Amino acid sequence: MASLNEEYPPEFSDERSLALVSDIIDWQINHGSLLKHMDPETRFPDDSPQCYPVGITIFPTLFPREHFDRACELQTIYNELYCAMAEDERWIFEAIRDLIPVDPLAAALWGIHEEVKKVGYRQRVSVGIFRSDYMLDGPGVEFPLRPGENFAGSLKQVEFNTFSCAGATHANKAVDMHRYFARTNAYDPGDDRLINVALAALPHNNTIASLSACLAAAHDAYQPRKGQVATETAVLFVVQPNNFNIADERPLEYALWNHDPPIPAYRVDYPNDFLQYTTLTESRVLLFHPPWLGSKCVEISVAYMRAGYEAHEYDTTGREARLRIELSMAIKCPSLLAHICTFKKVQCALTTPGALEHFISPAKAALIRSTFVSMYPLDDSEVGSHARHLATDPELSQNYILKPSLEGGGHNIFGEDIPGFLAAIPQSQWSAYILMERIRSPSVFNVLLSSSGLDSGGVISELGIFGTCLWRDGTEERPCEMLQNSVGGWSFKTKHEEVNEMSVVKGYGCFDTPLLF
C-alpha cells in the first residue's frame, strides 16, 4: 500500500527536482526508453541527436486498485469476445456495411478479404495481441481522496485495439523505472510528511515477456515446416519504413531470439521490401529470402503486423502485399477480420441490445456492458438521427467525441468543435464516424517530462490492458476454439487534463505507472 497524506506528489526544492529529472533521463537512456528522431522531410535520422527519451511522468499517478484489478479480470472475457467476433464474417459485415463506401481503409481491407475468400483462407489458427483501454468516470473528483472518502466512480472503456497494439515495451520500462526510484527512496520528501510510495502499490508489468511468449506460442502452433525449400521457420515483423518507435518493437524481436531454444525473428518494411523479399509457393507457403541472408530461405510461421493500419498504406503495392500475407499459410497477428474488428463502428455495434449475447454468455456480457458508455452511429437510422441532433447542437455536442475508424491518436473531434467539423464535410461522409459520450475522469496532480519540457498540473490517465490469445476457427455451431487466453500486461498513460488526445509517441501525454490505493 501507499501511505499518503493529502499532499501527493511531494513538493521538492528546485535543486532536488532537477536532480531527480536528471536521474530519470539517465535511466531512460540506459534502458532504451527512447524514440528515434526522424527528419520529417527525408524520414531518415538526423546526424544528432538520433534519439530522445519518450514522455514519462516524474511520479507514479494515483489510481484505485479495485478498478485496476477489475480491468485485468475483464480482459480474458474481452479476448473471448473478439476472437468469436473475428470468426463471424456476416456480423462484421453488418457492423461496417455503411462504413465501406465512405472509408478508404475499410474498403481496402474488406476488398482484400473478398479476394482471399475466392480461393479460401489456408490457415485456421489466428493469434491476437489486443489492448482494451479504459478511463475512470468520476466527474468532479480529485485524487488523493479526503480521509474517509471513497471513490464512487466507474471504469469505462475508451476503445478496443486489435491491430498493431503499441506501447507494450514503453509501458514495461515505465514501471521498471518508477519501481527503481521507489526502491531507492527517491520519492521520500525527507521530512516528517507521510508519503511512502511503496513497491507493493506499483504493480509489476510483464508485457515484453508476455507478448513475445504469445508470438512464440503461435510459432509453435505452426510447426512443422510446410515446404521443402526453407531450412527454418521464423516470425516476420512486418513494419513501417524508418519507424521512430523502434524501441517499442525491437525488444519483442530480441526476446524471441533469446527464447530457449531461440525463435528466429526477422523484420521487413511494408509494403515494398515485403513484396521484393517474399514469395508465395503454389501451396501458399510464405518464404522470406532477403539478400542479407545470402542463399538462405526462411519459411514464415507468423506474420506480426506493425504496419498497414492507415489508408495510405493500401495503394496498389500495399494491397498486393497484404493480399499475399492473407493468402499465405502463415499465422497472422491479427487475422484480417480481427483487424477490422478494431474499427470504432464495430465497437459501436457491440452496444446495441443483444449484440454481446450473440458471442458470449449473458453473465459475461453483463460484465462487459458495464464498461460501455453511450455510442451512436451517424447513419440514417432512428438512432443515427438522434446522434446527428446531438452532434450538431453547439451545447449538447460538448458532452461527446466524434471518432473515425483510425488508430494512433490525433484523429478525433472533441466537444464544441464537432458541429463545425460536420458542417465542413458532406453529409454522405458522416457515417464514417461514431459519436461517443465523453468520459469525465478524476483530476490528479503530477509532473510530466516530455520533449516539450517539464510541466506540472492536473492530469488524467488511461489504463490499457493487453490480452494475448490464440484461436482456431471452428464449426457453425462452435465458430471459435480458444487455444490460449491470457492477460498480457498493461500500459498506463497520463496527459494534462486540458489535452484531448492520448498518444504518447505523437506528443499527447506520457507513459506512467499506477500508484494503487
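Per chain, residue numbering runs from 1 following the sequence as it is written. Whole-chain, interface and lining totals are the exception, using all residues; otherwise, since this is a predicted model, local features are given only for residues with pLDDT of at least 70 and side-chain atom pairs are given and counted only at 80 or more. The side-chain quantities take in all heavy atoms of the structure and omit both hydrogens and water.

> For this particular structure, what's the right way to read the overall build of the chain?
Secondary structure elements are defined from DSSP: runs of H or I of at least 4 residues count as helices, runs of E of at least 2 residues count as strands, and each element is numbered from the N terminus. Within the chain, the regular secondary structure consists of 14 helices and 24 strands. For the radius of gyration, the atoms used are the C-alpha atoms, and the globule rule reads 2.2 Å times the number of residues raised to 0.38. Over its C-alpha trace the chain gives a radius of gyration of 23 Å, about what one expects of a compact globule, namely 24 Å for 517 residues. Along the three orthogonal principal directions, the C-alpha set of the chain runs to about 75 × 60 × 45 Å. Burial status follows relative accessibility: with a 1.4 Å probe on protein chains alone, a residue under 20% of its type maximum counts as buried, one over 50% as exposed, and anything between as partly exposed. Across the 517 residues of the chain, 56% fall into the buried class. By definition, residues are in contact when any of their heavy atoms lie within 4.5 Å. Summarising the internal contacts of the chain: among those between residues at least 6 apart in sequence, 75% fall at separations of at least 24. Working definition of accessibility: Shrake-Rupley area with a 1.4 Å probe, residue cover restricted to the visible protein chains. Element-wise, carbon and sulfur atoms account for 49% of the exposed surface of the chain, whose accessible area totals about 21,500 Å².

> Can you walk me through the domain arrangement of the chain in this structure?
Many authors give the size of an interface as the accessible area that is lost as the parts come together. The domain boundaries here were taken from an automatic or database domain assignment. The domain architecture assigned to the chain consists of domain 1 (14–38 + 47–366 + 448–516) and domain 2 (374–436). With centres defined by C-alpha atoms, the gap from domain 1 to domain 2 works out at 26 Å. Contacts between the two partners involve 21 residues from domain 1, matched on the other side by 22 residues from domain 2. As a working definition, buried area equals the accessible area (1.4 Å probe) given up by two parts on being put together, with both sides summed. Across the interface of domain 1 and domain 2, roughly 1,900 Å² is buried in total on both sides, 54% from carbon and sulfur atoms. For the domain 1 face of the interface with domain 2, the top three residues by lost area are Lys344, Lys345 and Glu501, together amounting to 29%. For this document, the term salt bridge refers to a Lys or Arg side-chain nitrogen within 4 Å of an Asp or Glu carboxyl oxygen. One can count zero salt bridges joining domain 1 with domain 2. We define a polar contact as two N or O atoms separated by no more than 3.5 Å, with the added condition that, inside protein, one atom must be a possible hydrogen donor and the other a possible acceptor, whereas residues neighbouring each other in sequence contribute only through side-chain atom pairs. Here domain 1 and domain 2 share three residue pairs in polar contact (both at pLDDT 80 or more) between them. For the side of domain 1 that touches domain 2, the elements supplying multiple residues, two or more each, are strand 8 (154–161) and helix 11 (344–349).

> Honestly, the pairing of strand 6 (residues 125–137) in this entry has me stumped. Any pointers?
Every other side chain in a regular strand lies on the same face of the sheet, so the side chains alternate between the two faces. The buried fraction of strand 6 amounts to twelve of the 13 residues, a majority that puts the element mostly inside the structure. Of the strand pairs in this sheet, strand 6 and strand 21 (residues 453–473) are connected by ten bridges, and their pairing is antiparallel. Paired with Val125 across the strands is Arg472, a residue of strand 21. Strands are labelled as partners when DSSP assigns at least two bridges between them. Judged from the seven bridges that link them, strand 6 and strand 8 form a sheet pairing that is antiparallel. Looking at the pairing, Arg131 lines up with Asn161 of strand 8.

> I tried to follow the packing of helix 5 (residues 168–183) against helix 6 (residues 207–222) on my own but got confused; where do I start?
When two helices pack together, you describe them by how their axes are tilted relative to each other and by the distance separating the axes. Interaxial distance between helix 5 and helix 6 falls to 8 Å at its minimum, and their mutual angle equals 150 degrees. Between helix 5 and helix 6, the angle falls in the class roughly antiparallel. Residues Ala168, Thr169 and Asn172 of helix 5 form the contact with helix 6, whose own contacting residues are Thr207, Ile208 and Leu211. The nonpolar class holds Ala, Val, Leu, Ile, Met, Phe, Trp, Tyr, Cys and Pro. Asp, Glu, Lys and Arg form the charged class, and all remaining residues, Gly among them, are polar. Its residues placed into classes, the contact of helix 5 with helix 6 shows three nonpolar, three polar and no charged. Note on method: axes are straight lines fitted to C-alpha atoms, helices fitted across the in-contact stretch only, with angles between N-to-C directions ranging 0 to 180 degrees. Angles below 35 degrees are treated as roughly parallel, those above 145 as roughly antiparallel, those between 65 and 115 as roughly perpendicular, and all remaining angles as oblique.

> For this particular structure, what's the right way to read empty space enclosed by the protein?
Think of a ball as big as a water molecule: rolled over the atoms, this probe shows where empty space is left. Lining residues are those with an atom within 4 Å of a point, where the points come from a 1 Å grid over the protein atoms alone and group into cavities, where a 1.4 Å probe fits but cannot get out, or pockets, open sets with protein on both sides within 12 Å along at least five of seven lines. Grid points are joined across faces, edges and corners, and a volume is the space filled by probe spheres set on the points. One pass over the full model with this rule turns up two cavities of 30 Å³ or more. In this model, the largest cavity occupies a volume close to 70 Å³. Forming the boundary of the largest cavity are Leu62, Phe63, Leu136, Phe143, Ser441, Pro442, Val444, Ile460 and Ser461. Counting only elements with at least two residues in the lining of the largest cavity, the list comes to strand 5 (61–63) and strand 21. Of the residues assigned to the lining of the largest cavity, the class counts are seven nonpolar, two polar and no charged.

> What should I look at first to understand helix 1 (residues 14–30) in this one?
Each α-helix winds once per 3.6 residues, and so residues spaced three or four apart point in a common direction. One fewer than the residue count of a helix, multiplied by 1.5 Å, yields its expected span. With 17 residues, helix 1 ought to run about 24 Å at 1.5 Å a step, and its terminal C-alpha atoms sit 24 Å apart, in line with that. Of the residues making up helix 1, those classed as buried are Leu20, Val21, Ile24, Trp27 and Gln28. All buried residues of helix 1 fall inside an arc of 120 degrees around its axis, so they share one side. Projecting away from the buried face of helix 1 at angles above 90 degrees are the exposed residues Glu15, Leu18, Ile29 and Asn30. Among the structural elements, strand 2 (34–36), strand 3 (51–53), strand 4 (56–57), helix 5, strand 20 (443–450) and strand 21 are those in contact with the buried residues of helix 1. Count one or two residues on from helix 1 and you reach Gly32, which has phi positive near 70 degrees. By arc we mean the arc of the directions from the helix axis to the C-beta atoms, nothing more.

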